[in-house]
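An overview of the molecular structure
Take a look at the letters that make up each chain.
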Amino acid sequence: RLADVRWRALVAPGTVSIPPCARIDAVVDGDIRDPGAVTDAMVGVDLVLHAAGIIHPRRIRDLYEINRDGCRRLAEAAVESGVRRFVFVSSNAAAGFATSPEHPMRETDEPNPVSHYGRSKLEGEQCLWSALTGSDTEGVVLRPTTFYGPHFPERHHNAYRLAASGRPLVIGDGRNRVSMIYIDDLVDALGRALTVGSAAGGTAFVADAESYEWQEVFIAMGQAQDVDVKPLHLPKAIASLCAVGDAALASLGRYSMMVHVAGEATQHMACDISCARDLLGFSPHVGLYEGMRRAVNWARSEGRL
């Protein structure tokens, strides 16, 4: 039972502060790019939940060194140590974008990642399956969408503040569809990936039961803060220009979070979770408006909003 599992947490030095927890026996500083740290972390381990990664790097090469090579190094060490199951937290970006609102992404689609982040995650998945081939270690890949809810990271604060203004900037008509996932439902999916027998060897998108229009995300954020949101719409062409700029920066090995996010702002990022339902018995319980309300209540209690 997952409730009986004891954990050892491997965290990059200076990046994560883990509060005391009765089920975490040790918190070990170590970089997944360091073979020695990875090998030491695997000693006596039965289950691996690999959630380390980087999404907004300073340099493009960091994406591949961490998301791809780090996964390969962990997977190889897991096989060597006799780990029973390895769960890799990938991303919907590994698949690319949906072709239309009527055709959400599915696991059976040919992956077509557009960003370096997506490519690094897809190559991480490929490294995992390659490392596990012929071994007794089971693998499971989850592709979560953007998460929301309490304990959201600092980079999400700006979106809440924009929503609180009542007039957040939205590129295009804001009707492109995106999938998101409430944090507790994501944790539930991770637990199932670690324990459900039928999950072995599978890949699954995990998200809320339905997708949302992009502008609706801001509307839900505003409603949770008692604000009536009316987005200010910018020309769709801005996203195309930013996508070109993002590619140009990437060719130089550079990255700008603002340019990258704006370049993807009009894309459809909806995914189908039928596979997660079948493979994991996954059933999300919280939707966007309730989840945003809980997120705002938490942030206010912490003095963050």
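Here, the structure is the one placed above.
Below: a short report on this structure. Only a predicted model underlies this, so the values are computations on that prediction, with no experimental measurement involved. (Residues numbered from 1 in each chain as written. Predicted model: local features only at pLDDT ≥ 70, side-chain atom pairs only at ≥ 80, totals over all residues. Heavy atoms only, no water.)

On to the overall build of the protein. Scanning the protein for helices and strands turns up ten helices and twelve strands. Its C-alpha atoms give the protein principal-axis dimensions of about 55 × 45 × 40 Å. Sorting the 305 residues of the protein into buried and exposed places 47% on the buried side. Surface exposure of the protein reaches about 15,000 Å², of which carbon and sulfur atoms provide 52%. (Helix = DSSP H or I, 4+ residues; strand = E, 2+ residues; numbered from the N terminus. Buried < 20%, exposed > 50% of the residue type's maximum accessible area, 1.4 Å probe, protein only. Areas by Shrake-Rupley, 256 points an atom, 1.4 Å probe, with all protein chains shown as cover.)

With 22 residues, helix H2 (residues 60-81) extends 31 Å from end C-alpha to end C-alpha; this agrees with the ideal 32 Å at 1.5 Å per step. Of all the bends in H2, the greatest measures close to 35° and is centred on Asp 69. A positive phi of about 80° marks Gly 82, the residue just after H2. (Expected span 1.5 Å × (residues − 1). Bend = angle between axes of the 7 residues up to and from the residue.)

Time to look at the sheet that holds strand S10 (residues 203-206). The parallel open sheet is built from four strands, whose spatial order is S3-S4-S5-S10. Sheet topology places strand S3 (47-50) and S10 at the edges, where each strand pairs with a single neighbour. Strand after strand, the sheet turns through a mean of 20° between neighbouring axes, direction not considered. Examined bridge by bridge, strand S4 (residues 85-89) and strand S5 (residues 138-144) share five bridges and lie parallel to one another. (Pairing = 2+ DSSP bridges. Axes fitted to C-alpha atoms, helices over the stretch in contact; angles between N-to-C directions.)

Working note: non-glycine residues mostly have negative phi, and peptide bonds are mostly trans. Even without a glycine there, the phi angle at His 151 is positive, about 65°. Position of His 151 among the secondary structure elements: in the loop between strand S6 (146-148) and helix H4 (157-165). On the basis of relative accessibility, which here comes to 62%, the residue His 151 falls in the exposed class.

Let us look at the nonpolar core. Soluble globular proteins tend to pack their nonpolar side chains together in the buried interior. Leu 142, Val 206, Leu 280 and Phe 282 are the most contacted members of the largest nonpolar core, which has 26 residues in total. Of all the secondary-structure elements, those providing two or more residues to this core are S4, S5, helix H5 (183-195), S10 and helix H9 (274-280). Broken down by element, the residue count for this core peaks at five residues, all from H5. If near-sequence neighbours (up to four positions away) are discounted, Val 206 is found in contact with Leu 142, Arg 143, Pro 144, Thr 145, Ile 181, Leu 186, Ala 189, Ile 273, Ala 276, Leu 280 and Phe 282. In this structure, Tyr 160, Met 180, Tyr 212 and Met 269 belong to the second largest nonpolar core, which totals 23 residues. (Core = buried A, V, L, I, M, F, W, Y, C linked by side-chain atoms within 4.5 Å. Contact = heavy atoms within 4.5 Å.)

Once that is clear, we can look at the packing of aromatic side chains. On inspection of all chains with the given rule, the structure shows four aromatic pairs. Considering the side-chain rings of Phe 152 and Trp 298, the 5.3 Å spacing of their centres and the 80° angle between planes classify their relative orientation as edge-to-face. Residue Phe 152 is found in the loop between S6 and H4, and its partner Trp 298 is found in helix H10 (residues 288-301); the two are separated by 146 residues along the sequence. For Trp 298, a relative accessible area of 12% gives the class buried. Centroid distance Trp 214 to Phe 218: 5.5 Å. Interplanar angle 75°. Geometry classified as edge-to-face. Highlighted residues: Trp 214 and Phe 218, both in helix H6 (residues 214-224), separated by four residues, approximately one helical turn. Here Trp 214 falls in the partly exposed class, since its relative accessible area comes to 27%. Grouping aromatic residues by their ring pairs yields a cluster made of Phe 152, Tyr 160 and Trp 298. Looking at Arg 143, its charged tip hangs above the ring of Phe 205, at a distance of 5.4 Å from the centre. (Phe/Tyr/Trp six-rings, centres within 6.5 Å; stacked < 30°, edge-to-face > 60°. Lys NZ or Arg CZ within 6 Å of the ring centre and 35° of its normal.)

It is worth spelling out helix H3 (residues 116-132) at this point. Helical geometry note: an α-helix holds 3.6 residues per turn, so side chains three or four residues apart project in the same direction. An ideal rise of 1.5 Å per residue puts 24 Å on 17 residues; H3 measures up with 24 Å between its terminal C-alpha atoms. When H3 is considered as a whole, its buried residues turn out to be Tyr 117, Gly 118, Ser 120, Lys 121, Leu 122, Gly 124, Glu 125, Cys 127, Leu 128, Ala 131 and Leu 132. As for H3, its buried residues are in contact with H2, S4 and S5. Following H3 by one or two positions, Gly 134 adopts a phi angle in the positive range, close to 80°.

Attention now moves to the environment of Ala 75. Note on placement: Ala 75 falls in helix H2. For Ala 75, a relative accessible area of 0% corresponds to the buried category. The sequence separation of Ala 75 and Ala 51 amounts to 24 residues, and the corresponding C-alpha distance is 13 Å.

Helix packing for two helices is described by the angle between their axes and how far apart those axes are. Packing of H6 against H10 leaves a shortest axis separation of 8 Å and a crossing angle of 50°. One element, H6, and the other, H10, form an angle in the oblique class. The handedness of the crossing between H6 and H10 is right-handed. Across the interface between the two elements, Glu 216, Val 217, Ile 219, Ala 220, Met 221, Gln 223 and Ala 224 of H6 pack against Leu 288, Tyr 289, Met 292, Arg 293, Val 296 and Arg 300 of H10. (Parallel < 35°, antiparallel > 145°, perpendicular 65-115°, else oblique. Left-handed = near helix turned anticlockwise from the far one by under 90°.)

This paragraph deals with the pattern of salt bridges. Summed over all chains, the structure comprises 15 salt bridges. Between Arg 294 and Glu 290 there is a salt bridge, with the nearest N and O atoms lying 2.8 Å from each other. Of this pair, Arg 294 and Glu 290 are both found in helix H10, four residues apart, which corresponds to roughly one turn of the helix. What makes Arg 294 partly exposed here is its relative accessible area of 31%. (Salt bridge = Lys/Arg side-chain N within 4 Å of Asp/Glu carboxyl O.)

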